[in-house]
Amino acid sequence: MSFTIAEQAQARLNRSELAVPGSNYRFIEKAADSAADIVFLDLEDAVAPDDKPQARINIVKALNQIDFGSKSVSVRINGLDTHYMYRDVVDILEQGGERLDLIMIPKVGTAADVYALDMLTTQIEDAVGREKRIGFELIIETALGMANVEAIAGASKRLESLHFGVADYAASTRARTTVIGGPNPKYGVLTDKTSENSEREYHWGDMWHYAIARMVVAARANGLRPIDGPFGDFSDPDGYRAQAYRAAILGCEGKWAIHPSQIDLANEVYSPSEEEVAKAQRILDAMEQAQKEGKGAVSLDGRLIDIASIKQAENLVRKAAQIASA
Ligand code: GLV
Ligand code: MG
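Residues numbered from 1 in each chain as written. Chains lettered and ligands numbered in written order. Predicted model: local features only at pLDDT ≥ 70, side-chain atom pairs only at ≥ 80, totals over all residues. Heavy atoms only, no water.

Caption draft 1: Representation of the site of ligand 1. Taken together, R76, E141, G165, V166, A167, D168, P230 and W256 are the residues near ligand 1. At 3.1 Å from an oxygen atom of ligand 1 is found a main-chain nitrogen or oxygen belonging to V166. Between an oxygen atom of ligand 1 and a main-chain N or O atom of D168, the distance comes to 2.9 Å. Taking 190 Å² as the accessible area of ligand 1 by itself, protein coverage stands at 93%. Of all the elements, helix 7 (residues 166-173) adds the most residues to the shell around ligand 1, at three residues. Of the residues that constitute the shell around ligand 1, the class distribution is four nonpolar, one polar and three charged. (Near = heavy atom within 4 Å. Polar contact = N/O pair within 3.5 Å; in protein donor to acceptor, adjacent residues only side chain to side chain. Areas by Shrake-Rupley, 256 points an atom, 1.4 Å probe, with all protein chains shown as cover. Helix = DSSP H or I, 4+ residues; strand = E, 2+ residues; numbered from the N terminus. Nonpolar A, V, L, I, M, F, W, Y, C, P; charged D, E, K, R; others polar.)

Here it is, written out as structure tokens:
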């Protein structure tokens, strides 16, 4: 282990994160009754410019009046390049009461963007005497943000998570896409011509692999949760599940739901199964026994396990306990 230890962000269940337009009060009420771990009330791209003042009013009212139960509640403010942003932060933090947990900052491009929001948030928290410190969720969704992701991930003690905003990222990088957050059938490889008549196979690739993997590393190196963003086709649960699994396998801890039907899918993919938890527990037991016998590695079910296996197993068991206590 390095002498530098990454401080872990505030622990919070983040398997599913439901996006709800702040302009629709009924949707906010429904979201509060959903099974989402986090609900983010949007003031940004799901809200038309003329609706932003009403959306702020709705969100302030919702934060004061709706029972969100044990969910975490976040508000996505507008970007730092707009004049909506300061009003979002001032109104929500001054009038929103103590229920708010997180602010989601879109299109973060540099560490200084986070610094500026940290300053503003700190001033308002002090001025109104807020008791709970607001955490930040950042969306990495521009070429600039991805180029600076390592610096951004270490920019404030308020940071909890980095989110891959695939729709804006595609626009910013001018990637060619078919469905938001989905694969593109033209992104793949054709197997080599091995002989005159051999069949060649076409293998689809994941065009988002580099971006997600890079964001995961930056997040984990700074003790933050990496979260995968939207999948646009809400009539395709299989497509959603596949994209959610591939991000989970790379280390993500959850995924956005842009439609209520995607909440259960995210919760399913990002919860360890009973089998996985039982296996992790067996690894911990076997390693405890090995350590008593002075061994660093042993075999379990014909496979080598060592000290590194303990950490993976502990992560899994800790996650299961977190879910059980939610
Ligand atoms: C989310 O905001 C995205 O752009 O995908
Ligand atoms: Mg976006």
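Caption draft 2: Broad picture of the nonpolar core. I28, L41, L100, F136, L138, L162 and F164 are the most contacted members of the largest nonpolar core, which has 69 residues in total. Looking at this core element by element, the count peaks at six residues for helix 8 (residues 209-221). (Core = buried A, V, L, I, M, F, W, Y, C linked by side-chain atoms within 4.5 Å. Buried < 20%, exposed > 50% of the residue type's maximum accessible area, 1.4 Å probe, protein only.)

Caption draft 3: Inspection of the packing of aromatic side chains at higher detail. According to the stated counting rule, one finds four aromatic pairs in the structure shown. For the pair F231 and Y240, a centre-to-centre distance of 6.2 Å together with 75° between the ring planes defines the contact as edge-to-face. Through pairs of rings, three or more aromatic residues link up here, namely F164, Y169 and W208. Between K61 and the ring centre of Y25, over which it is positioned, the NZ or CZ distance is 4.4 Å. Over the face of the ring belonging to Y240 we find K255, whose NZ or CZ atom lies 5.4 Å from the ring centre. (Phe/Tyr/Trp six-rings, centres within 6.5 Å; stacked < 30°, edge-to-face > 60°. Lys NZ or Arg CZ within 6 Å of the ring centre and 35° of its normal.)

Caption draft 4: Representation of the coordination of the magnesium ion (ligand 2) in the model. Within the protein, E141 (OE) and D168 (OD) serve as the donor atoms for the magnesium ion (ligand 2), at 2.0 to 2.2 Å. Remark: D168 occurs in helix 7 and E141 occurs in the loop between strand 5 (135-140) and helix 5 (143-147); sequence separation between them is 27 residues. Note on E141: relative accessible area 2%, which makes it buried. Classification of D168 as partly exposed rests on a relative accessible area of 24%. (Donors = N, O, S within 2.8 Å, 3.2 Å for Na, K, Ca; no water.)

Caption draft 5: Local environment of the pairing of strand 2 (residues 38-42). Burial analysis of strand 2 places five of its five residues in the buried class, which makes it a mostly covered element. Along strand 2, one buried face is formed by I38, F40 and D42 and the opposite face, lined by V39 and L41, is buried too. Both strand 1 (residues 16-21) and strand 2 contribute to a ladder of five bridges, which runs parallel. Paired with V20 across the two strands is L41, which belongs to strand 2. One ladder, built from five bridges, connects strand 2 with strand 3 (residues 72-76); its direction is parallel. Among the inter-strand pairings, I38 is bridged to a residue of strand 3, identified as S72. For the segment spanning strand 2, helix 2 (residues 52-65) and strand 3, crossover handedness is right-handed. (Pairing = 2+ DSSP bridges. Right-handed = clockwise from strand over helix to strand, strands pointing away.)

Caption draft 6: View of the sheet that holds strand 9 (residues 225-228). The strand order around the closed barrel built from eight strands is 1-2-3-4-5-6-9-10, with neighbouring strands paired in parallel fashion. Sheet twist, expressed as the average angle between the axes of neighbouring strands with direction ignored, equals 25°. Examined bridge by bridge, strand 9 and strand 10 (residues 254-257) share two bridges and lie parallel to one another. Among the inter-strand pairings, D228 is bridged to a residue of strand 10, identified as K255. Sitting on the sheet, helix 4 (residues 111-128) touches strand 4 (102-105), strand 5 and strand 6 (159-164), and the angle it makes with strand 5 is about 155°. (Axes fitted to C-alpha atoms, helices over the stretch in contact; angles between N-to-C directions. Contact = heavy atoms within 4.5 Å.)

Caption draft 7: Main features of the domain arrangement of the protein chain. For the protein chain, the assigned domains are domain 1 (16-191 + 201-271) and domain 2 (275-325). A C-alpha centroid distance of 33 Å is found between domain 1 and domain 2. (Domains from an automatic or database assignment.)

Caption draft 8: Representation of the side chain of K71 in the model. Looking at the secondary structure, you find K71 in the loop between helix 2 and strand 3. Although K71 is buried, it forms no salt bridge, and the closest oppositely charged side chain is D33 at an N-O distance of 6.7 Å. A distance of 3.2 Å separates the side chain of K71 from the backbone oxygen of A32, its partner in a polar contact. Apart from the residues lying within four places of it in its own chain, the contact partners of K71 are A31, A32, D33, S34, A36, D37, V39, R99 and D101. (Lys, Arg positive; Asp, Glu negative; His and termini not counted. Salt bridge = Lys/Arg side-chain N within 4 Å of Asp/Glu carboxyl O.)

Caption draft 9: Spotlight on the pairing of strand 10. With three bridges joining them, strand 1 and strand 10 adopt parallel strand pairing. Of the residues in strand 10, the one forming a bridge with L18 is A257. What joins strand 9 to strand 10 is helix 9 (residues 237-250), and the crossover it makes is right-handed.

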